[in-house]
Amino acid sequence: SQQGEEDPQALSIQEGENATMNCSYKTSINNLQWYRQNSGRGLVHLILIRSNEREKHSGRLRVTLDTSKKSSSLLITASRAADTASYFCATDDNSGGSNYKLTFGKGTLLTVNP
Amino acid sequence: GAVVSQHPSRVICKSGTSVKIECRSLDFQATTMFWYRQFPKQSLMLMATSNEGSKATYEQGVEKDKFLINHASLTLSTLTVTSAHPEDSSFYICSARQGLQGRTPLHFGNGTRLTVT
């Protein structure tokens, strides 16, 4: 099943504003991760939040997790033009086994205008 | 640390030929590597999980005879697209997990843009 549906699909803001992206998923998870992808490049891990955590911070990033609603949000504060990228949430699908494969959502394309 | 190098970054090939893409973990051992395919403005689709010293595990709908995966060492996995067709044109990305424990972040290569003419 499709996990990690982000919204909005695209977000355009001005430099200095905050950007909020949301992610919903369908099955139980061990953790949820957010990744960033610059155009035509690989993904870079941003932050991981475990299923027993509700909020986590890393620099200008703030992630929340609501397991009862099966949703997460990524907040980027004081955005910069360099934050322009696609942002994906990914879930560890808790299916067991040793590979712990991640399932990625469709992503939010964030454009920060200078 | 935790750098994954993917090569080549771009490749153009003719229909019917085969293309090999390499994924290397430069400063750590990766017992498990993952191969993804990404279409423009879309998400990553997991193709297969590559385990060092054993056969790869392919996702449903992915042809294992077309997308050959070899994980011969703890630092190298290769994906060979055999008898390539224009519909195989896509962005292929590998990733690796550091260490033996699961549920840790993945480290990604920079991807390979394959164009089949």
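Here, residues in each chain are numbered from 1, in the same order as that chain's written sequence. Whichever chain is written first is A, and whichever ligand is written first is 1; the rest continue in order. For a predicted model such as this one, the threshold for reporting local features is a pLDDT of at least 70, and the threshold for listing and counting side-chain atom pairs is 80 or more; totals across whole chains, interfaces and linings nevertheless cover every residue. Note that water and hydrogens are dropped before the side-chain values are worked out from all heavy atoms of the structure.

Caption draft 1: Geometry of the interface of chain A and chain B. Contacts between residues were defined by any pair of non-hydrogen atoms, one from each residue, lying within 4.5 Å. Taken together, the contact pairs 22 residues of chain A with 22 residues of chain B. Summed over both partners, the interface of chain A with chain B comes to about 1800 Å²; 51% of that surface belongs to carbon and sulfur atoms. By salt bridge we mean one thing: a side-chain nitrogen of Lys or Arg within 4 Å of a carboxyl oxygen of Asp or Glu. Our count for the chain A to chain B interface comes out at zero salt bridges. Within 3.5 Å is the distance limit for a polar contact, defined as a pair of N or O atoms, with the added protein rule that one can donate a hydrogen and the other accept it, and that residues adjacent in sequence qualify only through two side-chain atoms. At the junction of chain A with chain B, the criterion picks out five residue pairs in polar contact (both at pLDDT 80 or more). Under the grouping applied here, Gly and all other residues not named as nonpolar or charged are polar, the nonpolar ones being Ala, Val, Leu, Ile, Met, Phe, Trp, Tyr, Cys and Pro and the charged ones Asp, Glu, Lys and Arg. Within the side of chain A that touches chain B, the residues separate by chemical class into seven nonpolar, 10 polar and five charged. Summed over both partners, the accessible surface that disappears when two parts come together, traced with a 1.4 Å probe, is what is meant by buried area.

Caption draft 2: Up close: the side chain of serine 73 of chain A. Residue and element names in this part refer to chain A. Mapping serine 73 onto the fold places it in strand 8 (residues 71-76). A polar atom in the side chain of serine 73 sits 2.5 Å from the side chain of threonine 64. Excluding residues within four positions of it along the chain, serine 73 makes contact with Thr20, Met21, Asn22, Trp34, Arg62, Val63 and Thr64. Secondary structure elements follow DSSP: runs of H or I of four or more residues count as helices, runs of E of two or more count as strands, with numbering from the N terminus.

Caption draft 3: Layout of the nonpolar core. Counting 25 residues, the largest nonpolar core has Trp35, Phe67, Leu79, Tyr92 and Leu114 of chain B as the members making the most contacts within it. Elements represented by at least two residues in this core include exactly strand 2 (10-13), strand 3 (19-25), strand 4 (32-38), strand 5 (44-51), strand 7 (67-73), strand 8 (76-81), strand 9 (90-97) and strand 11 (112-116) of chain B. In this view, leucine 79 of chain B contacts Val19, Lys20, Ile21, Trp35, Phe67, Leu68, Ile69 and Tyr92 of chain B; residues no more than four positions away in its chain are not counted. Grouped together as the second largest cluster of nonpolar side chains are 21 residues, Leu11, Ile13, Cys23 and Ala85 of chain A included. Residue types Ala, Val, Leu, Ile, Met, Phe, Trp, Tyr and Cys, when buried and joined through side-chain atoms within 4.5 Å, form a set referred to as a nonpolar core. Relative accessibility decides the category of a residue: with a 1.4 Å probe and only protein chains considered, values under 20% of the type maximum give buried, values over 50% give exposed, and everything between is partly exposed.

Caption draft 4: Geometry of the sheet that holds strand 7 of chain B. All names here are of chain B. Two strands qualify as a pair provided that DSSP identifies no fewer than 2 bridges between them. Within the open sheet, the four strands sit side by side as 1-3-8-7. Their pairing is antiparallel. Strand pairing shows two members of the sheet lacking a second neighbour, strand 1 (4-7) and strand 7, which therefore form its edges. Across the sheet, the axes of successive neighbouring strands diverge by a mean angle of 15 degrees, strand direction being ignored. The pairing of strand 3 with strand 8 spans six bridges and is antiparallel. Directly across from glutamate 22, in strand 8, lies its bridge partner threonine 78. Axis lines are fitted to C-alpha atoms, over the contacting stretch for helices. Their N-to-C directions set the angle, which ranges from 0 to 180 degrees.

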